[in-house]
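Here are the chains, one letter per residue:
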Amino acid sequence: MLQIEIDKGSGFCFGVTTAIQKAEEELAKGTKLYCLGDIVHNGMECERLREMGLITINHDELRQLHHAKVLLRAHGEPPETYELARQNNIEIIDATCPVVLQLQKRIKKQYEASISDSLIPSISHSLIPSISHSPTSQIVIFGKEGHAEVLGLVGQTAGNAIVIEHFDDVKQLDFSRDIYLYSQTTKSLDEFHRIIEYIQQHISPDATFRSFDTICRSVANRMPNISQFATKHDLVLFVCGRKSSNGKVLFNECLRINPNTHLIEGPEEIDPAWLDGIHTVGICGATSTPKWLMEQCRDALQQM
């Protein structure tokens, strides 16, 4: 008899849950509602909401939109998006995750302080005062280049923040200048600490280095939990949209612990051959994976 367990710790995080609830509430009123980007990195959940009436648009389409209602997903947006909405008379339903929103504010405050420090008049050889408007320090974000959350964070610095995706990218920083390090909320805590250690070892004695652990604990805590879950089963099915940044991190951790781990987007991707000689199957997922989808995978296994 095949034993199947769904990981109780997997599924939507608080931010995604809130965004989807806000969308459902507006759609239940009969409101025509647009969403800027996929509300969650899961194709099947996006399709479910599309059938309810949610219209997904991109930033180019937003510029053409006027007098409408637009939901901003949990990832957050740069200041330019809010300004465009104001100009186009668009009502914003802001579902930015509180953790992301707080991070945006911290980065914006640091950037403004850096700009303020740089506005120091200096006398040139011609005795004409000149003022530097570039930040004196480096604001560094450990995150995925082009990711929606990271674009929102970089936007708080007028595009001046430096994004590093991987540990090796840290070597490109200028260690003679001040460094303020932040992280995308869903990145790996271990890799973030490696980056901190490298900067500490290479930063100039005359420069300031400060790091801010801005990784969401509801996500970070899933790493040890999902590792333990993966050890319990002969086969692990990690259910996740392939666009999910968080999903890739958690899937790789499962795969490291249990080589018999497969990433699938839905029950139709399950290969019956995977079940040969298998007694226990664990089903888990990312912060963007709906519970109902993991349950569908369980039901498909039971039918097999």
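Everything here concerns the structure above.
All figures in this text were calculated on a predicted structure; none of them were measured in a lab.

Draft legend 1. View of the pairing of strand β14 (residues 280–285). Burial analysis of β14 places 6 of its 6 residues in the buried class, the great majority of the element. Burial along β14 is two-sided: Thr-280, Gly-282 and Cys-284 facing one way and Val-281, Ile-283 and Gly-285 facing the other are all buried. Sheet topology places strand β1 (residues 3–6) next to β14; 4 bridges connect them, and they run parallel. Residue pairing across strands places Ile-6 opposite Ile-283, the latter belonging to β14. Sheet topology places strand β12 (residues 235–239) next to β14; 5 bridges connect them, and they run parallel. Looking at the pairing, Leu-235 lines up with Val-281 of β14.

Draft legend 2. Main features of the sheet that holds strand β2 (residues 33–36). Pairing within the open sheet is parallel, and its 4 strands lie in the order β3-β2-β4-β5. Edge positions in the sheet fall to β3 (55–57) and β5 (91–94), since each has one partner strand and no second. If you compare each strand with its neighbour and ignore which way they point, the axes differ by 35° on average. In this sheet, strand β4 (residues 69–72) lies alongside β2 in parallel orientation, the contact comprising 4 bridges. Residue pairing in the sheet places Cys-35 in a bridge with Leu-71 of β4.

Draft legend 3. Up close: the environment of Glu-145. Take Glu-145: it is sitting in the loop between β8 (138–142) and α6 (148–154). Residue classification places Glu-145 among the exposed positions, given a relative accessible area of 52%.

Draft legend 4. Up close: the sheet that holds β12. With parallel pairing, the 4 strands of this open sheet are ordered in space as β1-β14-β12-β13. Of all the strands in the sheet, the pair left with one neighbour each is β1 and β13 (261–264). Averaged over neighbouring strand pairs, the angle between their axes works out to 20° when direction is ignored. Here 4 bridges tie β12 to β13, and the two strands are oriented parallel to one another. Its bridge partner being in β13, Val-239 is matched across the sheet by Ile-264. Against the sheet, helix α11 (residues 291–303) contacts β1, β12, β13 and β14, and its axis sits at roughly 160° relative to β14.

Draft legend 5. Structural view of the side chain of Ser-227. Relative to the assigned elements, Ser-227 resides in helix α9 (residues 222–231). Taking the relative accessible area as the measure of exposure, Ser-227 reaches 11% and is therefore buried. A distance of 2.8 Å separates a polar atom in the side chain of Ser-227 from the backbone oxygen of Met-223. Other than its neighbours up to four places away in sequence, Ser-227 contacts Glu-253 and Ile-257.

Draft legend 6. Just the pattern of salt bridges, in detail. Summed over all chains, the structure comprises 16 salt bridges. Across the salt bridge formed by Lys-232 and Glu-5, the nearest N and O atoms sit 3.3 Å from each other. Taken together, the residues span a long stretch of sequence, with Lys-232 in the loop between α9 and β12 and Glu-5 in strand β1 at a distance of 227 residues. Across the salt bridge formed by Glu-24 and Arg-48, the nearest N and O atoms sit 2.8 Å from each other.

Draft legend 7. Spatial organisation of helix α4 (residues 79–87). Along α4, the residues that are buried comprise Thr-81, Leu-84 and Ala-85. Taken end-on, α4 shows its buried residues confined to a sector of 100°, consistent with a single buried face. The exposed set on the far side of α4, more than 90 degrees from its buried face, consists of Arg-86 and Gln-87. Where the residues of α4 are buried, they touch β2, α3 (59–63), β4 and β5. One or two positions beyond α4, positive phi appears at Asn-89, with a value near 55°.

Draft legend 8. Region of interest: the nonpolar core. Val-170, Leu-173, Ile-179, Leu-181, Ile-195, Ile-199 and Phe-209 are the most contacted members of the largest nonpolar core, which totals 19 residues. Elements represented by at least two residues in this core include exactly β8, β10 (179–183) and α7 (189–202). Of the residues forming this core, the biggest block, 5 residues, is contributed by α7. In contact with Ile-179, not counting residues within four places along its chain, are Gln-138, Val-140, Leu-173, Asp-174, Ile-199, Ile-203, Thr-208, Phe-209 and Arg-210.

Draft legend 9. Representation of the packing of aromatic side chains. A full pass over the atoms with the stated rule returns 5 aromatic pairs. For the ring pair Phe-167 and Tyr-198, a centre distance of 5.7 Å and an interplane angle of 90° mean the geometry is edge-to-face. Separated by 31 residues along the polypeptide, Phe-167 in the loop between β9 (162–164) and β10 and Tyr-198 in helix α7 bring together distant segments of the chain. Centroid distance Tyr-182 to Phe-212: 4.6 Å. Interplanar angle 10°. Geometry classified as stacked. With Tyr-182 in strand β10 and Phe-212 in the loop between β11 (209–211) and α8 (217–220), this residue pair connects regions lying 30 residues apart in the sequence. Exposure class is identical for Tyr-182 and Phe-212. Each is buried. Among the aromatic side chains, those forming a connected cluster through ring pairs are Phe-167, Phe-175 and Tyr-198.

Parameters and conventions
- Residues numbered from 1 in each chain as written.
- Predicted model: local features only at pLDDT ≥ 70, side-chain atom pairs only at ≥ 80, totals over all residues.
- Heavy atoms only, no water.
- Buried < 20%, exposed > 50% of the residue type's maximum accessible area, 1.4 Å probe, protein only.
- Helix = DSSP H or I, 4+ residues; strand = E, 2+ residues; numbered from the N terminus.
- Pairing = 2+ DSSP bridges.
- Axes fitted to C-alpha atoms, helices over the stretch in contact; angles between N-to-C directions.
- Contact = heavy atoms within 4.5 Å.
- Polar contact = N/O pair within 3.5 Å; in protein donor to acceptor, adjacent residues only side chain to side chain.
- Salt bridge = Lys/Arg side-chain N within 4 Å of Asp/Glu carboxyl O.
- Arc of directions from axis to C-beta.
- Core = buried A, V, L, I, M, F, W, Y, C linked by side-chain atoms within 4.5 Å.
- Phe/Tyr/Trp six-rings, centres within 6.5 Å; stacked < 30°, edge-to-face > 60°.

Shape is all these values report; function is a separate question.
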